[in-house]
Every structure is written in C-alpha cells, then in structure tokens.
Amino acid sequence: MQEDQDINPIVLRRETGDDGAPRLVLSGRCTLTSLGGRMRSLSAELAGYAADPVLQWDITEIAQMDDVGAVLLWRAWGERRPAHLLLRPEQERLLDRLQTPPGPPPPARDWLWPVKVLGRGAFLLWEHLLSLLILSGQLLLDALYLVGHPQRIPWREISANLYRTGAQALGITALVGFLIGIVLSYLSSRQLQTLGADIFIINILGVSIIRELGPVLAAILVAGRSGSSMTAQLGVMRVTEELDALTVMGIPHSLRLVLPKVLALGIAMPLVVLWTSATALIGGMVVAEIQLGLGHQFFFRKLADVVPVANLWLGLGKGVVCGMVIALISCHFGLRIKSNTESLGEGTTNSVVTSITVVIIIDAIFAVVFSNVGLK
Amino acid sequence: MTGEECIVEVKGLHTRFGSHVVHEDINLCVHHGEVLGLVGGSGSGKTVLMRQMLGLDAPAAGEVRICGLPLRSHNPGELRQIRTRCGVLFQKGALFSALNVYDNIALPMRELRTLDEDMIRRLVMVKLKMVEIEPKHVNKMPAELSGGMIKRIALARAMALDPELLFLDEPTAGLDPELSDAFVQLIQTIRRETTLTIVMATHDLDTLVALSDRIAVLADQHIVALGSLRDVLHTDHPFITNFFHGDRGKRVLENNLDNL
Ligand SMILES: Nc1ncnc2c1ncn2[C@@H]1O[C@H](COP(=O)(O)OP(=O)(O)OP(=O)(O)O)[C@@H](O)[C@H]1O
Ligand SMILES: [Mg+2]
C-alpha cells in the first residue's frame, strides 16, 4: 500500500535479442491499482504487438501481476499464449487460471414479449386471487379452531396489534381528519352562502363525513401506515428465515401472525373511523361557526335530526370490512416476499397500492349496495 | 515479505455495549505482508474488533489507523482510495440479495469505472474458478445458494479487486475440509504472486496453523498472546491450553510440526 506503486506502472521495451529476434520486455507493476486509467490505451498497444507472430514476449521482469494484469495480457494475445513467451513459474500459475469457460451468454431477444408480459400478468392476478382465497379460508378454519380451543387464542399478539394499528394511529388520523373537515366546510359554506342555504352545511358535512370521508380517509391512512408495516414485518421474517423457524416449531403462520393482525385491525378500524369522523366534524363545525355564525350547540342538535343514524352504522361497517381486508392483503403480500431485499421493497409497495385500491373499490360497492339506506 | 511497518494499527481500543465490556485496551499492529490470525472463544469480540478496524463501528476509546491514516479522518477521498484496496469477507457473507452471483462479483469492478465489460466478464469468471464455483451458477440469486457457496462467492467478491489488505471473518466456517484446504492453497498461491496482508478471524485450527504468520489471542477482553505460533503455544492461559492443547489441537499441531 505504499505510494510508490502508483509511480511504478508497467513499461514496454522493445529490443533485439541475442539471436537477432525482436523481443518485447515488460517490466514494472501490472496490477489494477498501478494500471488505473491507462487500461484502454495499454490494451490497444499490447494488441498491436501481439499481431506480430515472431515477437518474443518476456514478462519475467514484471514485479507484480494480479488477475487484472493477467487478463489484460491474455486478452491482447487472443486468449492463447504467444509462440515465444518467457515467464516465471508463479506467472505460469496465474495464466493457467485464466483458461476459464466463457461467461453467461447475453440474453436472447424475444419478440413475443408483449404477449408474455400480458399472459404473465393474467396468471399473476389469478395466483394472487387464489392464494388470497386460500389464506381467507385458512383464517376461517383457524377462527373455528380457536372457538373450540379458547385457551389458544393469541391474546398478546392481538392486543399488541390493536395498540400499534389503533392507538398509535390516533394522532395522524386526527390531524388529517380535522384539516379535511376545515377545507370541506370552508369551500361548501362559501357556495351555500351565495344561495342563502347556510343551514344545509350541516347536512353536507354530516352525510359526507360520516358516510364517506371518515371511513375512506381512515382506511387510506391505516393502509399506508399499518399495512406497509405488516408487509415489511412478515417480509423481514422471511428474509431472516424466522418464518421457517416458526414452521419447524409447528406454529402455523396464519394462526400466530395473520389472524391476530386481521382481528386486531377489524376491531381497531371502526374505532379509528369513528375518531376520524369526529375530528373532521369538529373541524367543519369550527369553520361553520366562524364563517356562517352557526353555534356549535345548534350544530349538534341539528346534526342528529338531519343525518339518520344508519349512516353511522354504515361508516362503522365499512371500517370493519376495510380493516380486515387491509390486514389480509398486507399479510398476503408479506408472506409472498422472497428472501431478497428487492422483493421486500416491491412487496411493500404492491401491498400498499393494492390495499388502497381495494379500499376504494369496497367503498364503491357499499355505495351501490346501500344506495337507499340512510339517505332522506 | 514481512516488513515491520504497520498497515493496520490499533491503539488503546476499548469497546462497550451498554455495561457489557468487550475489549479493554487492545493494542495491535498488523505488519505489511503478513497473515495475522485472530482467535478467541465465541463472543470474545473478534468480529467486533474487525468491524472497528474497518471503521464500521466506532470504539468507545482508542483509535484505529490504516496505512497511518486515522479511520475517523477528515479526508474521505483518501479513505475511499484505501477502501478500494481492502477486501472484506463478512461472517455471514453479506452478498447483495437483489443481485445474482455474477453481478455481486462484478459490482466492485464496475464501481471503479476503469474496466470495460468484457474485461469484467473475464475477471468474474476467473474469480469464480478460483473459488471453484461452476459457471452454471452465475445466474443464481444468493437465496438459491448453499451456505458454503455463499461463503465462496463472498470470498470471490472480497478478492474482486485483488486487494492488498484482506479481512476474513471465519473464511472456512461452513466449508467442507477439502474446500478449506483448497482455500488455504488459494491464499498461499495469491500470496506468492502479490503482496497480501491478511487479518483473519477463525476457529479452524488447520487454517490458522497453515496460514498465519502471527497469531493474536483474544480472551478476557484483552489480547493475551501475540506472536508466532510457537510464542503463543508457550503462553500460559486457560483458553490457549484448551484451544491448542486439546485432542484436536494436538492432532493438528503434530501434522504441522515443521511450522514450529
Ligand atoms: N451491536 C451489538 N450490540 C450489543 N452487543 C454486541 C453487538 N455486537 C456484538 N455484541 C457483543 O459483543 C460480543 C462480541 O461479539 P463478536 O460478534 O465480536 O464475537 P465473535 O468473537 O466474533 O464470536 P464468534 O466466534 O461467535 O463469531 C458478544 O458478547 C456480543 O454479544
Ligand atoms: Mg464473529
């Protein structure tokens, strides 16, 4: 590692030998560090000399040669030794090692790729649906088993998940809910004012927040927050072979890892929905009081009159369904992760994107199915 | 080839994890061109010491210098220069799980930006042949490899740039005896061709005796012995007695009497 290596690179000297034959003597260091940026020019220079078949090569004076140096010479010679070569025994060994089979062939170009990509996508979707179905079925069986063996219910896991996905999500959902309530109320109140229909702000806020915005906002936030962490947790357990360790101990993944998450999120989600809706309503109410002068006592009394309670049940129902589906999808993606980091990142992204999409699909289904419930 | 100058210098090093003291006042000098074997019981802090020599962990007190340059130096460029001349074999391989075997070994070569792709391909195949991995495995991902293969490919990656300073953490653990011998021969061959300084933590007596010029024994938070195999054998310490004078140790030492 001394500095003199850098100032002692390879030197080519052409001379005429005792027998009158032309000779090329190489000396100095022929290593990666000493060659540095000269690699390309040297490669061309050596290839030029190698074109001469009667030239004698003398590499005994090379002080140090590593694999890079050896490959450089080997390539210049056209992958065989020149007819006249003088070398030291250790260089002999170095060159012997170079006679390797060629590397991997470059991947062949495939003109059918659009068809293949499409087909693979379709099969992948089918595979996802199938394994989601299997996982749900397994969870159902596990749940039935637990009904028969209540002492095996994983209470600790359920409560830990309840805390992580529910209690720890309160801050962010409150903030987002409150701000959305303010924005919604502000925009609507301006429009209503021009129509002189101030009082309808309560209907608009009540129905839209309790029935739609509260559940959807909460579900999207939870999908991003808890869904990703569930996928990543299972994925890391796959990478570190913890899942395999559980299997050989006879502890099923679905019972110990998936079911507690699904149950906990099924319980926590409606509560988070309730909380988000409440903070959004408070945000809206504050603006209504400032903008339109509607007092909050009046707001509350009127809210109970104009928004049928069925909307609340609908919102909570969405919460339960979305919560369990988010947990199910996250676990499904988590268990599919292969033991490499790339797959971990990809799985987590896919899990969050899918959960959010599915949340919105569920919301649409609810809207269609319950279109004549809770609306006057 | 062994010079007296220090390539790696450890001075007054202390390591603590919470209240757990791992090292107390470690002083060590790795000479240019030597193989220093690092032995010690499991959990005696070999890996941690090696990580500190690499600048991956900061010691609680003391300092580490590589080529006279403190690892916490303010000259990142110079340090990077030195890093490219170091090769490291981690205890668990630490292959990049998202890259296949070929790309794992090609990565440090590509990072240099002075080698063309054809050269890299040849070099990768040379390295793979060196560790006796067949070319049909080049497209496999690390997750699809056996433990011993991971070790050998990690070694190939550590040797990718023909480093002058090599850190090996348990190089032969997980290899069958034949491959361990092949590894020893490989290192001996390379040392004959280039000047190579090696710091090697190992439990494998055969490898240790065959390769080490000097041995450092780590026990009770200190280096209890440092020197040639003969010096170490004459040191009186329970760990050394157990390690070298047990049945296994006697057998190995008998086979290597010429080294003493
Ligand atoms: N990041 C860490 N945090 C806390 N303690 C640690 C950490 N890394 C190592 N230790 C502790 O330091 C001690 C030395 O660990 P180290 O990995 O260096 O052992 P080792 O000598 O390499 O053992 P082995 O031969 O089993 O590999 C151990 O007691 C370990 O528990
Ligand atoms: Mg270790």
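Below you will find a few notes about this structure. These numbers were taken from a predicted model, which means no experiment stands behind them. (Residues numbered from 1 in each chain as written. Chains lettered and ligands numbered in written order. Predicted model: local features only at pLDDT ≥ 70, side-chain atom pairs only at ≥ 80, totals over all residues. Heavy atoms only, no water.)

Brief notes about the overall build of chain A
A tally of regular secondary structure across chain A gives 13 helices and four strands. Computed over its C-alpha atoms, the radius of gyration of chain A comes to 36 Å, more than 25% above the 21 Å expected for a compact globule of 376 residues. Counting every position in chain A, which comprises 376 residues, the buried fraction comes to 43%. In chain A, of all internal contacts separated by at least 6 residues, the share reaching a separation of at least 24 is 78%. When the accessible surface of chain A is totalled, it reaches about 19,500 Å², and 67% of it is carbon and sulfur. One finds the centroid of the 30 positive side-chain charges in chain A at a distance of 11 Å from the centroid of its 30 negative side-chain charges. (Helix = DSSP H or I, 4+ residues; strand = E, 2+ residues; numbered from the N terminus. Rg over C-alpha atoms; globule rule 2.2 N^0.38 Å. Buried < 20%, exposed > 50% of the residue type's maximum accessible area, 1.4 Å probe, protein only. Contact = heavy atoms within 4.5 Å. Areas by Shrake-Rupley, 256 points an atom, 1.4 Å probe, with all protein chains shown as cover. Lys, Arg positive; Asp, Glu negative; His and termini not counted. Charge placed at Lys NZ, Arg CZ, Asp CG, Glu CD.)

Regarding the packing of helix α5 (residues 113–148) of chain A against helix α10 (residues 253–292) of chain A
All names here are of chain A. For the pair α5 and α10, the least separation of the axes is 10 Å and the interaxial angle reads 95°. In terms of their interaxial angle, α5 and α10 are classed as roughly perpendicular. Between α5, through L135, Q138, L139, D142, A143, Y145 and L146, and α10, the contact on the second element is made entirely by S254, L255, V258, L259 and V262. Per-class residue counts for the contact of α5 with α10 are nine nonpolar, two polar and one charged. (Axes fitted to C-alpha atoms, helices over the stretch in contact; angles between N-to-C directions. Parallel < 35°, antiparallel > 145°, perpendicular 65-115°, else oblique. Nonpolar A, V, L, I, M, F, W, Y, C, P; charged D, E, K, R; others polar.)

Quick look at the environment of I198 of chain B
Note on placement: I198 of chain B falls in strand β8 (residues 197–201). Along the primary structure I198 of chain B and E164 of chain B are separated by 34 residues, whereas in three dimensions their C-alpha atoms are 8.2 Å apart.

Re the coordination of the magnesium ion (ligand 2)
Residues and elements named next belong to chain B. At this site the magnesium ion (ligand 2) is bound by T47 (OG1) and Q91 (OE1), with donor distances of 1.9 to 2.4 Å. On the criterion of sequence distance, the pair formed by T47 in helix α1 (residues 46–53) and Q91 in the loop between β6 (86–89) and α3 (101–112) is long-range, its members being 44 residues apart. Note on Q91: relative accessible area 38%, which makes it partly exposed. (Donors = N, O, S within 2.8 Å, 3.2 Å for Na, K, Ca; no water.)

A closer look at the pairing of strand β1 (residues 6–17) of chain B
Residues and elements named next belong to chain B. Here eight bridges tie β1 to strand β2 (residues 20–31), and the two strands are oriented antiparallel to one another. Paired with E9 across the strands is C29, a residue of β2. Between β1 and β2, which pair antiparallel in sequence order, lie two residues; one of them, G18, sits at a positive phi of approximately 65°. Sheet topology note: the β1/strand β4 (residues 61–66) ladder contains five bridges and is antiparallel. Pairing of K11 across the sheet is with E63, part of β4. (Pairing = 2+ DSSP bridges.)

A few points about the environment of A219 of chain B
Residue and element names in this part refer to chain B. With respect to the helices and strands, the residue A219 is situated in strand β9 (residues 214–219). Take A219: its relative accessible area is 9%, and that puts it in the buried class. As for A219 and V39, which are separated by 180 residues in sequence, their C-alpha atoms are 8.7 Å apart. Those residues within four positions of A219 in sequence are excluded, and the remaining contacts are V224, H237 and F239.

Remarks on the sheet that holds β2 of chain B
Residues and elements named next belong to chain B. The four strands are arranged β2-β1-β4-β5 in an open sheet whose pairing can be described as antiparallel. Each having just a single partner strand, β2 and β5 (69–70) make up the two edges of the open sheet. Contacting β1, β2 and β4, α1 crosses the sheet at an angle of about 125° to β1.

A word on the packing of α10 of chain A against helix α11 (residues 296–306) of chain A
All names here are of chain A. Put simply, α10 and α11 touch, their axes get as near as 10 Å, and they point 125° apart. For the element pair α10 / α11, the angle class is oblique. Along this stretch, α10 crosses α11, giving a crossing that reads as right-handed. Where α10 approaches α11, its residues L281, M285, A288 and E289 are matched on the opposing element by H296, F299, F300 and L303. Broken down by class, the residue content of the contact of α10 with α11 amounts to six nonpolar, one polar and one charged. (Left-handed = near helix turned anticlockwise from the far one by under 90°.)

Here's the deal with the interface of chain A and chain B
Listed by partner, the interface residues are 36 residues for chain A and 36 residues for chain B. Across the chain A to chain B interface the summed buried area is about 3,300 Å²; carbon plus sulfur atoms make up 57%. On inspection of chain A and its partner chain B, the count reaches four salt bridges. D116 of chain B serves as the salt-bridge partner of R75 of chain A, at 2.9 Å between the closest nitrogen and oxygen. At the junction of chain A and chain B, the tally comes to six residue pairs in polar contact (both at pLDDT 80 or more). (Buried area = accessible area lost by both parts, 1.4 Å probe. Salt bridge = Lys/Arg side-chain N within 4 Å of Asp/Glu carboxyl O. Polar contact = N/O pair within 3.5 Å; in protein donor to acceptor, adjacent residues only side chain to side chain.)

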